[in-house]
Each structure stands twice: as C-alpha cells, then as structure tokens.
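Reading the structure
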Amino acid sequence: MLAHLIRKELLDHISSLRFLILSAVGTLVIWLSLYSGYLYYQNSLKDYGLAQAATANRIREIDAARSYSEFVLQGYLEHRPPAVMGIFIRGLDAVLGRSIPNMFNRRSVRSWMEVKPLLAVFPPLDPGLVIQAVLSLFVLLMTYDAVCGEKEAGTLRLNASFSVPRHRLLLGKFFGALLPTLSAFGLPLLLGTAVILAMPDVRFTDPELQRLGLVMAAFGVYLTVFVCAGLLASCMTQRASTSFVVLLGFWVTAVVVLPRLSLIVADSVRPAASIHELEADKEAITKANTQRWREARRAWSEAYAKSEGEAWWQSRKGQELQRLDYRKTRQEVLFEPTQAAYERLEEAFRNRYQARLNLAVALARFSPAFAFNGATVRLAGTGMDRQARFLSVYDQYYARHLTWYVDAVDDSYLKRINPDKYGEYTWDLSDMPRFTYQERWPEGEVRAAMVDVGILAIWGVLFFVGAYVKMLRYDVR
C-alpha cells in the first residue's frame, strides 16, 4: 500500500507543469553556479601563480640590491593559496585576506574583494548559496499544497475513505515529494560536479574528496528539512494559499532574518571591544616601551662617555660595545615586554570577541539555513578556520624571519666595524627563511560540521513529527 501511495505521489509531481518548470530552472541555476565557481577558482589560481612569481622576482631584486634596508623599505608579499573547495562553497573566501606584507606591517592583508572591488557589485553565485536560498524555496513551492491542496481539490476525502492509515498517507507524501526533489536537483549537481572534477586544473586531495562527499550529504539533509517543513505547513492549514504564506514567512525568517537578528542580540548582550581600541592600546604600549628603551640607551651612552672619556661613536671599540648593548636592551627592554603585553591584549580581545561570536552562533543555529551554511563553509575550508590556520603558520614563519633579519643586520654592522674579530662582511640570502603553506584538514572541523548537520537532522525530525501529529488530527472534510 505504501509503495502504491509513493508511486501515485511521484507521478503527480513528475507530471505537473510546476515540477517541470522548477526542475528546469533549478538545473540551469546549479550548472551556472558550478561554472561560476570554476571560473572563480581558475582566476584565483592564476592570480596566485602570478603573485608567487612576483614575490620570487622581488626577492631576486633584494638580493641584487645587496642591502638589508630593502626589507624595511618595501619588503615583499606572501600569499595564501586558493581553496579548491571554493568552487562549490565560496564562503568568506572573497573577503578574507590573501596576501600579507612580509615585514613589520604584516597584518595589512589584501583580499580578493579589495583587489577586484567590482566583484562586490555582483552577488556571488555558488552551489552552496543556490541550495541555501534558491532550491530551498523551490522545495517549499513543491510541497506547500501536499495535503491542503488535495483537500481543496476533494481528493483527500476520497483517499481517506479507504482503509489507509494516515501515517502511511503522510509517508507516501513525504517520499513522493522527497525522491523527485532530490532527483531533480541532485542529479544535475552530481553531473556538474563530475565534469568539474574531470578538469585538468582542478586537483582534489583525498581529504578534500571526503569533505566534498560530506558537503553533498549536507545538501541532501538540508533539502529534506524543507520538504518536512512544507509538509508541516500543509498539514497545519486548510487552504493552499495560507500554507504558501506561512512557508514564505518561514523561509524569510530562516534564511534572512534570524542569522542577522542573532548577531544584533549578541552585540547587545556581549559587546566586544573594537579592533581600533586594541590597536590604540598596542600603540600606547609600544610608545611607552620605546621611551624606556631610549632612556636605557641614553643612560648607557652617558655611562660609557663618563668611564672612557669620549663618546661611543669616536672609536671602533665604542661602536662595537654600543651595538652589543643595543642588541641586548632592544631584546630585554623593547621586544620581549612589548610582545608579552601584545599577547595579553590580544588574548583578552579574542576572548571577548569569541564570547560574542559563540552567543551569536548559538542563537543563529535556530535557523536551518545558518546551520547548513556553517557546516558547508567549515567543510569547504572557505571560512575563518582555514584563514586562522594560514595566519598561524605565517606568524610562526614571521617570528623566524624577523629573528634572522635582526641577527643579519646586527652581524653585518659588527663585521663592518670590526672584520678582524667578526669576519669579513658578505652578502648572503641563502639562509633566509622562506614561507611555505601546507594545507591541513583537522578532524575537529569535520566533527564541528557534523554538529551542524545533526542540528539540521533534528529540525527535519521535528518538522516531520509535527506534520505527523497534525495529520492524525487533520479534518479531511
């Protein structure tokens, strides 16, 4: 009996003009989004290659200039490689920084949107956004009259006159709507994905392929949630027009209103300090420590002049001792205290910011659309997690590079003033640390994404249980 009901619902859907139109439009939008994502990745890959070549050329110029001052005056850029999963889930990739100046202003990152601001004029189009906003609405259009529409047509009373349990009737409508929906939108998506994977410039590693499979599974769970929501609204109302309005309000709330509202509430309940306040505090610390360092240098100069009877710059011995004390006090009075104070300020800032973010995320997860977006962005590596990994790797490299630079400058100075003691001055960049970023895919990200997928599954179960309860009490007359 259940198979007969499912077959009836399948035939009703497939033979309807509404299903054919929505399927055709959905297929077109899916393929267009995949093509747009592929072009975006191609351009990103090309720009990354050009940027790497420019960095290599800049290092050759510095080597030819034979001057460490070139590092300070201009330096060069280090770059984050594009994420191949960005073809499917754009996420925050366009607004996150891709390039970091190698020297002191290393946080001055440049994003794709900054380099190409015209992209902000055109809304992004990727499969994740299409499924989140477009196909979810299409699913509601397919299911809003599943029960109440049959009541208005008079066929629901006829079906109920047979000895068919209402839970079987609901299951028939559920599978009769779910199967054609996943087929109509899933098959074009899988076909387009197969074409993308066959492209010679698209290379997925095994972890990325596994994550892509999980993204596809999240797509299916998300659309299933909206099938259940459509059935619930149809069982709650007596007229198809009322069900449509209810579902439209649900879609707007879930996709647009609730994620933004959660951030507004979090800002009010747990406000966080501005990044400009943090930078102002850091600047004040730098000025204070720099002043103490200058006073220490002045005290050493006065003490040397008093003990030796001449200024330190008047003899080679004084210049050597001055440089050694310069290095010592710079590390002990300026660098170490400043870095320690920076770390305390940044930790306090991160804690307050993370508290606000955690609250906003917890509230926004009441939206199936936000849970879906969080899961897919995390799996694709196009959010803040991958950016944090990139910046962490760069910070570790930068610490090594800065140490190398400071030592190289000090050694060159000592060799110039006393080559007999420290050796002849030579220009050599062979031991200069170079930045490399090796992609890592932590398992913790997958577990966190599965939490969001689990939330989606809970929403689907709640909607289906609600539809089941309403169906048992539904007035079929």
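Up top is the structure.
For the structure given in this document, a descriptive report is provided here. Just so it is clear, the structure is predicted and the values come from calculations on it, not from any experiment.

Within the protein one finds 16 helices and three strands. Relative to the globule expectation of 23 Å for 477 residues, the C-alpha radius of gyration of the protein, 31 Å, shows a markedly less compact shape. On the principal axes, the C-alpha backbone points of the protein span a range of 115 × 50 × 35 Å. Expressed as a percentage of its 477 residues, the buried residues of the protein come to 44%. Summarising the internal contacts of the protein: among those between residues at least 6 apart in sequence, 84% fall at separations of at least 24. Surface summary for the protein: the accessible area is close to 24,700 Å², and the carbon and sulfur share equals 62%. If the 55 positive side-chain charges of the protein are averaged to one point and the 46 negative ones to another, these points end up 7 Å apart.

Applying the stated criterion across every chain, the model contains one cavity of 30 Å³ or more. For the largest cavity, the calculated volume is near 30 Å³. Arg80, Asp93, Leu96, Gly381, Thr382, Gly383, Arg386 and Gln387 are the residues that line the largest cavity. In terms of residue class, the lining of the largest cavity is made up of one nonpolar, four polar and three charged.

The subject of this paragraph is the layout of surface pockets. There is about 360 Å³ of room inside the second largest pocket. As for the second largest pocket, its lining consists of 17 residues, and the residues nearest its centre are Pro81, Pro82, Thr205, Glu208 and Glu439. For the lining of the second largest pocket, the secondary-structure elements that each account for two or more residues are α2 (17-65) and α9 (206-236). With three residues, the single largest contributor to the lining of the second largest pocket is α2.

What follows concerns a nonpolar patch on the surface. The grouping of Phe244, Val245, Leu248, Val252, Val256, Val257, Leu261, Ile264, Val265 and Val269 at the surface amounts to a nonpolar patch, some 790 Å² of accessible area in total. Mapping leucine 248 onto the fold places it in helix α10 (residues 240-269).

It is worth spelling out the nonpolar core at this point. Counting 70 residues, the largest nonpolar core has Phe88, Ile131, Leu135, Phe185, Val202, Phe219 and Tyr222 as the members making the most contacts within it. Put simply, the parts of the chain that give this core at least two residues each are α2, α5 (127-143), α8 (166-197), α9, α10, α13 (368-380) and α16 (443-472). Counting residues per element, this core draws most heavily on α9, which supplies 16 residues. Sequence-distant contacts of isoleucine 131, defined by excluding residues within four places in its chain, comprise Ser136, Leu189, Phe219, Tyr222, Leu223 and Phe372. Residues Ile100, Trp404, Phe435 and Tyr437 belong to the second largest nonpolar core, which totals 18 residues.

What counts and what doesn't
Residues numbered from 1 in each chain as written. Predicted model: local features only at pLDDT ≥ 70, side-chain atom pairs only at ≥ 80, totals over all residues. Heavy atoms only, no water. Helix = DSSP H or I, 4+ residues; strand = E, 2+ residues; numbered from the N terminus. Rg over C-alpha atoms; globule rule 2.2 N^0.38 Å. Buried < 20%, exposed > 50% of the residue type's maximum accessible area, 1.4 Å probe, protein only. Contact = heavy atoms within 4.5 Å. Areas by Shrake-Rupley, 256 points an atom, 1.4 Å probe, with all protein chains shown as cover. Lys, Arg positive; Asp, Glu negative; His and termini not counted. Charge placed at Lys NZ, Arg CZ, Asp CG, Glu CD. 1 Å grid on protein atoms, 1.4 Å probe; cavity = no way out; pocket = protein on both sides within 12 Å on 5 of 7 lines; lining within 4 Å. Points joined across faces, edges and corners; volume = space filled by probe spheres on them. Nonpolar A, V, L, I, M, F, W, Y, C, P; charged D, E, K, R; others polar. Patch = residues over 30% accessible without salt bridge, like charges linked within 9 Å, V, L, I, M, F, W, Y side chains within 5 Å. Salt bridge = Lys/Arg side-chain N within 4 Å of Asp/Glu carboxyl O. Core = buried A, V, L, I, M, F, W, Y, C linked by side-chain atoms within 4.5 Å.

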